[in-house]
Amino acid sequence: MMIQSERTTSPKLIMSNPAPALEVETLDGTLWKLADQTPEHYTMVVFYRGLHCPVCEHYITDLDQKLNAFQQLGVNVIAISGDTREQAEKFKEKSQIQNVTIGYGLTAGDMRRWGLYLSQGHFNHEPALFSEPALFLIKPDGRLYFANMGTHPFSRVSFDFLLQGLEYIIPRNYPFRGTIWE
């Protein structure tokens, strides 16, 4: 039996268009605003599922270890979840994050504006609602350049592969891709 749904499409963010607004509290006590970012080349926003996700722990730890390489390429980085401050602090401690800025308190509205896939908690350790992983690169002028959105914990872009890509595209002023919707 085939399951039918009335809703077969969802909003899609188009590369080269302005990124949605984004503001989150960070564990260092500041309010991080996408509009205030002034990277040399890109702001990288990594949305992660939260404290309940062991894959996120490994992923953000990997990012923390590679943060210097991204910074050398002119990329500012933040990792954000819908966790509470307390959960984000536990995540940072458990993962032994030293350098990556951790944002918390991402709202369901923000998740939807960014087109993230949302999941309902099915297990006792999961929150009632959380976003699945995603990674975006935003140009200094606020336009979306790159998006990778997952539907499961294992659907993530490799940071090593992303670094290789950035090393190639930055000196070549590589064009926007994914700009056609209709």
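This text goes with the structure placed above it.
What comes next is a walk through the structure. These figures come from a predicted structure and were not determined experimentally.

Quick look at the packing of helix α1 (residues 54–72) against helix α4 (residues 159–172) now. When two helices pack together, their arrangement is given by the angle between the helix axes and the distance between those axes. Packing of α1 against α4 leaves a shortest axis separation of 10 Å and a crossing angle of 25°. It follows that α1 is roughly parallel to α4 by the angle criterion. When you trace α1 past α4, the crossing you get is right-handed. Between α1 and α4, the contacting residues are Y59, D62, L63, K66, A69 and F70 on the first element and F159, D160, L162, L163 and L166 on the second. Taken together, the residues of the contact of α1 with α4 break down into eight nonpolar, no polar and three charged.

Most of strand β4 (residues 75–80) is tucked away: five of the six residues are buried. In this structure, strand β3 (residues 42–47) lies alongside β4, joined through six bridges in parallel fashion. Bridge assignment links F47 to a residue of β4, and that residue is I80. In this region the chain leaves β3, passes through α1 and returns to the parallel neighbour β4; the handedness of that crossover is right-handed. Pairing of β4 with strand β5 (residues 101–104) involves three bridges; the strand directions are parallel.

What counts as what
- Residues numbered from 1 in each chain as written.
- Predicted model: local features only at pLDDT ≥ 70, side-chain atom pairs only at ≥ 80, totals over all residues.
- Heavy atoms only, no water.
- Axes fitted to C-alpha atoms, helices over the stretch in contact; angles between N-to-C directions.
- Helix = DSSP H or I, 4+ residues; strand = E, 2+ residues; numbered from the N terminus.
- Parallel < 35°, antiparallel > 145°, perpendicular 65-115°, else oblique.
- Left-handed = near helix turned anticlockwise from the far one by under 90°.
- Contact = heavy atoms within 4.5 Å.
- Nonpolar A, V, L, I, M, F, W, Y, C, P; charged D, E, K, R; others polar.
- Buried < 20%, exposed > 50% of the residue type's maximum accessible area, 1.4 Å probe, protein only.
- Pairing = 2+ DSSP bridges.
- Right-handed = clockwise from strand over helix to strand, strands pointing away.

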